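Architecture and fold: a report
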Amino acid sequence: MRKTLKRVFALILSLVVAFALIGCGGQNTASSDDGNATTQPEPSQSGSPSQEEIKLTLWSISTESDAFHNAYTQAIKDYEEKHPGIKIVHETFENESYKTKIKSAVAANELPDLFYTWGGGFSKSFVESGKVLPIDKYYTEEYQAQLSRAALGNATYGGVLYGATYTTPISLLFYNKAMFDKYGLKAPTSFDELVHVCRTFLDNGIKPFGVSVKDTWVLAMTHDALTLKSAGPEKTAKAITRNGVSYNDPDFLASATKLKELIDMGAYIDGATGLSNDEACANFYNGTVPMYITGSWMAGSIMTDAENPADFDVTPIPVINSNNAKITDFMGGAADTIMVSASTKYPDVAGNAVFELTRSISKYAYLDGAGIPAWEVDYDDSSVNPITAKIAKLANEATSFTLWFDTLMEANDAGEYLSLLQQLYVGEITPQEFVEAMAAQLES
Amino acid sequence: MNRIQEKGGIGRKLITGFLIIWALIQLFPLYWMFTFSLKDNSEIFGENIIGLPRKWLWGNYTAALTTGKVGLYFLNSILVTGCTIVLTTIIALMATYALTRLVWKGRKVVNNIFMLGLTVPVHASILPILIILRNLKMTNSYQALIIPYSAFALSMALLIANSFIEGIPKELEEAAFIDGCGVYGIFARIILPLMAPALATIAIFIYLQAWNELMFAVIFISDSKYRTLSVGIQTLSGTYTTDWGPIGAALVIATIPTLIIYSLMSVKIQESLVIGAVKG
Amino acid sequence: MEKARRNKLAIFIFMLPAVLLFSLIIILPIFMSSYYSLLNWDGMTKGTFVGLKNYMELFTSKSVNFPRAVSNAILLAALSTFIQLPIALFLALVLARGVKWEKTFVSIYFIPVLMSTTVIGQLWLKIYNPDYGLVNVLLRSIGLEHLQRVWLGDKKTALIAVFIPLLWQYIGYHMLLMYAGIKSMSPELREAAKIDGATEAGIDWYITIPLLKPVIRTCVIFAVTGSLKAFDLIYILTNGGPAHASEVPSTLLVSMIIGRNRYGFGSAIAVSIIFLCFFFAIVIRKLFKTEEVV
């Protein structure tokens, strides 16, 4: 009996502890603001901070293992040094769950002062809900000279500016130059040349392209680019943003057909439907496949993940219809955006910080080889790795940027697009049916 | 155990053989996780997926341990999980007693309603719970996780407790009542000790739910000083490219306490089972 | 005693914490979701009330194909009940008889449940990988090249390839529950039967299993509701693909709410999942009750 009594006593004790913990914890979230808790996104709660100390919370997806982390850290350090008395608390989250987090935060009014988001369709609802601060008045002449209004197109909604960007990633054809040289091949500039390259590799028993259909955005990178190079930038953008152009059109059919042609000739690695992007990229880095179409961020990964980075090179995606598109038209553009919450207590400080931070991040990320700068390069960039430098040059000479379909489109259309693309890949629908289904979705 | 050896026979041997093979299958993930934590991406993706690492990259552990505040996240996880276990088991046992042994109108219906907790998909309840927590001024705190975790574990705990309490004879309660015990006394002196085996089992299952939980932990906590280990590990992956080795290392670090706690608990379960059986 | 059992205050005290916690975190959100499911709402801006339109779309839209997702989930629930649980029960019975290294086996069999889904997911991705995955390598080495598949990427095999790890991982979960259930029975019953000359199998069948019924009932409820809500591992392995072949209600729900900003529509899926799970849970309880009477 003594043993049982002991046990009961232990249980009761823990019950008391548990309740005490909840009891006191519940009301003291506000009163426990003894240090850095003033950064709580809940503005009404944090009491009255002292005059000198301003704290801004910034959420981003630049986790410590992300290529941009160092750039963020440096940029924040520079900012804090330049503005004594202002502190930026940087909280980072993993990419996929961040999407859920940021949407929930908008819905529940829990946004931090500054937050990372994606321009285009993704943030449209954020802006429409009135939770984002317009920042036109902080976009001074100094900034305008270094970051063009055109680069901010994806952060502009209804003519009003809501965010600033730091990088302009673009889609490219990455290829293994060593393997190309072995078969006497050149980087393709037209679709026919691309087909020739694929044939040559296939004849030698090599699968030409790596891709992930499971992570459908990878396949979409290819299809987006083919579409752009078939229909041209304006028509493409108008069609996918429900702007008066039907998707049921020969130019769009052409790109879907070309993609199907590549699939049918066996240009893609076996099992792409079951591979993740990580797995598919590994095949490219280790020289199993010679080509991969993806965003400019792959340049940084080649440097770390490939055994012999010097074997690799990059080229723009070939043109399909030269009447509509040029080799210098690119998929991509500034999607990575930092916005300001409308409920921030320091709109002036935060509004200015967005520009200062993005400018520094742009610089440091480029120097790290992590991203293509969106801001003017007025510093020495000779140390940047050759592939990233080449991409920066291509981006600099670009005649147009069209944001990736799944970012530019509204979320629901984007979801349907990726789903249809997967069906096209596995042969469940024909290119004609694909185009019709896209048109139906975009007209619904 | 002697019973078995007495009979011997091929059947026994077959069964033992089967049990050993099955054990090897069940151990494989553990082995695999450990080797995975010592490799780099090129080995993980293709060159050497199941073998021992060619180069033992202990640096993955350094990377996992120095990224973020792993120590803090670890303590947070222990605190959150511990409180969830204590809170849920107590609440569940009290409610189980009232639902099965006390007599009142509507208890069957209430018992059924509690099963709703098993039915709710986590992703759909994120936003409603976030709004509720916000109204209670509770986001960004330990209780922002402890309370939802407890609520979500409650139904499961109730069901398990329910199926075990059926094995406790009502006569024992009657006897205690005659000895002068009240309802509270019966609960504390008869039911709780006899439920000990169930208690350990329930605790393990609650632990499982809380320790690895990710979505609530990401959404309800923004301040990294309350961040839990599962979220901490997740931040080891980059946006477009991920170094999997350190993630493997972090997962090993996160799994070790689970294994330790579990082996301690399972000894506890075995002991309490014997006690329970003798008393029952 | 009867009077003591009707002690109103005691009932109130015992029930209060559970009811409070449960209403706040489970019931209230269910009501909120039910309301959201009647809106055309992206989760952020102002929604518009559309009545039952989301539910109509749910059951009629071909591109969403909710019925297929539900039938996939029901298949999983059936496999879980009729394959996973019997294996778990078999293991629990064998171990509880007292074999050599009993405790070690119990501990080892539970390990997959303890592992994080990320690890299990990555492991099975390796097992199924089309080039170097264990399954295809094995098939190649025994000369069955023609049976090789892109297991997770083939519409015909994706569903079953996703279910196998799910079923395997949780065998230990049910085994532990059943094992604890058997062990907490009084050993005298078995001893008595043994003296009467019953075989081990006979004891299991006529004495242990009937006594284990409450625990088995709990396991069936967990298996079925768990199957209808299954998400994590499917998300890692196929994310519902290819071309929706392995879609289940939860993957659909997540892609609607999080991927497509269709919060109202996603809530309708959530309400349907809740309804389905609850329906099955009640049916299972009823089934086990009637048997007890007989």
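Keep in mind it's a predicted model, so treat the numbers as computed, not measured.

Moving on to the overall build of chain A. Within chain A, the regular secondary structure consists of 17 helices and 13 strands. A total of 444 residues make up chain A; the buried ones form 59% of that total. Taking as baseline every contact in chain A between residues at least 6 positions apart, the subset at least 24 positions apart corresponds to 74%. Entry remark: accessible area of chain A is about 16700 Å², with carbon and sulfur atoms responsible for 51%.

Residues and elements named next belong to chain A. With mixed pairing, five strands are arranged side by side in an open sheet as β2-β1-β3-β12-β6. Each edge of the open sheet carries a strand with a single partner, namely β2 (86–92) and β6 (163–165). Neighbour-to-neighbour, the strand axes of the sheet open up by a mean angle of 30°, direction not taken into account. Against the sheet, helix α2 (residues 69–82) makes contact with β1 (54–60), β2, β3 (114–118) and β12 (336–340), and its axis sits at roughly 165° relative to β2, the strand it touches most. This element, helix α13 (residues 347–367), spans β1, β2, β3, β6 and β12 of the sheet and lies at about 160° to β12.

All names here are of chain A. Taken across its five residues, β3 has five buried, putting it largely inside the fold. Judged from the two bridges that link them, β1 and β3 form a sheet pairing that is parallel. Bridging from a neighbouring strand, Trp 59 pairs with Phe 115 of β3. In terms of strand pairing, β3 meets β12 through five bridges, oriented antiparallel. Note on β12: the bridge partner recorded for Leu 114 is Val 340.

Our focus in this paragraph is the domain arrangement of chain A. Residue and element names in this part refer to chain A. For chain A, the assigned domains read domain 1 (52–168 + 334–378) and domain 2 (171–331 + 402–443). The straight-line distance from the C-alpha centre of domain 1 to that of domain 2 is 30 Å. With eleven residues of domain 1 at the contact, the number on the domain 2 side is seven residues. Carbon and sulfur atoms supply 58% of the area that domain 1 and domain 2 bury against each other, a total of about 600 Å² over both sides. The tally of links from domain 1 across to domain 2 stands at one salt bridge. Between Lys 124 and Glu 410 there is a salt bridge whose closest N-O contact spans 3.0 Å. Where domain 1 touches domain 2, the interface holds three residue pairs in polar contact (both at pLDDT 80 or more). Per-class residue counts for the side of domain 1 that touches domain 2 are five nonpolar, five polar and one charged.

Turning our eyes to something else, we now look at the interface of chain C and chain B. Each partner contributes residues to the interface: chain C has 96 residues there, and chain B has 92 residues. Where chain C touches chain B, the interface holds three salt bridges. One can count twelve residue pairs in polar contact (both at pLDDT 80 or more) joining chain C with chain B. By residue number, the principal contributor to the side of chain C that touches chain B is helix α2 (residues 8–36) of chain C, which donates 21 residues. For the side of chain C that touches chain B, the class distribution of residues is 70 nonpolar, twelve polar and 14 charged.

Summed over the entire model, instances satisfying the criterion amount to 60 aromatic pairs over all chains. Centroid distance Tyr 170 of chain C to Tyr 173 of chain C: 5.5 Å. Interplanar angle 70°. Geometry classified as edge-to-face. Overall, the relative accessible area of 31% leaves Tyr 170 of chain C in the partly exposed class. Among the aromatic residues, those joined into a ring-pair cluster are Trp 59, Phe 93, Tyr 98, Tyr 116, Trp 118, Phe 122 and Phe 126 of chain A. A cation sits over an aromatic face here: Lys 229 of chain A above Phe 330 of chain A, 5.7 Å from the ring centre. Of note, Arg 262 of chain C hangs over the ring of Phe 265 of chain C, and the distance from its end group to the ring centre comes to 4.4 Å.

With that settled, consider the packing of helix α7 (residues 191–203) of chain A against helix α10 (residues 250–264) of chain A. Residues and elements named next belong to chain A. One can describe the packing of α7 onto α10 by two numbers: an axis separation of 11 Å at closest approach and a directional angle of 10°. As summarised for this structure, α7 and α10 are arranged roughly parallel, according to the angle between their axes. Across the interface between the two elements, Phe 191, Leu 194, Val 195 and Cys 198 from α7 touch Lys 258, Glu 261 and Leu 262 from α10. Among the residues forming the contact of α7 with α10, the class breakdown is five nonpolar, no polar and two charged.

With 27 residues of chain A at the interface, the matching set in chain C holds 30 residues. Buried area between chain A and chain C, both sides added, is near 2300 Å², and the carbon and sulfur share of it is 52%. A salt bridge links Arg 260 of chain C to Glu 416 of chain A, with the shortest nitrogen-to-oxygen separation between them at 3.1 Å. At the junction of chain A and chain C, the tally comes to 13 residue pairs in polar contact (both at pLDDT 80 or more). The greatest single-element share of the side of chain A that touches chain C, amounting to eight residues, is contributed by helix α16 (residues 411–426) of chain A.

About the criteria used
- Residues numbered from 1 in each chain as written.
- Chains lettered and ligands numbered in written order.
- Predicted model: local features only at pLDDT ≥ 70, side-chain atom pairs only at ≥ 80, totals over all residues.
- Heavy atoms only, no water.
- Helix = DSSP H or I, 4+ residues; strand = E, 2+ residues; numbered from the N terminus.
- Buried < 20%, exposed > 50% of the residue type's maximum accessible area, 1.4 Å probe, protein only.
- Contact = heavy atoms within 4.5 Å.
- Areas by Shrake-Rupley, 256 points an atom, 1.4 Å probe, with all protein chains shown as cover.
- Pairing = 2+ DSSP bridges.
- Axes fitted to C-alpha atoms, helices over the stretch in contact; angles between N-to-C directions.
- Domains from an automatic or database assignment.
- Buried area = accessible area lost by both parts, 1.4 Å probe.
- Salt bridge = Lys/Arg side-chain N within 4 Å of Asp/Glu carboxyl O.
- Polar contact = N/O pair within 3.5 Å; in protein donor to acceptor, adjacent residues only side chain to side chain.
- Nonpolar A, V, L, I, M, F, W, Y, C, P; charged D, E, K, R; others polar.
- Phe/Tyr/Trp six-rings, centres within 6.5 Å; stacked < 30°, edge-to-face > 60°.
- Lys NZ or Arg CZ within 6 Å of the ring centre and 35° of its normal.
- Parallel < 35°, antiparallel > 145°, perpendicular 65-115°, else oblique.

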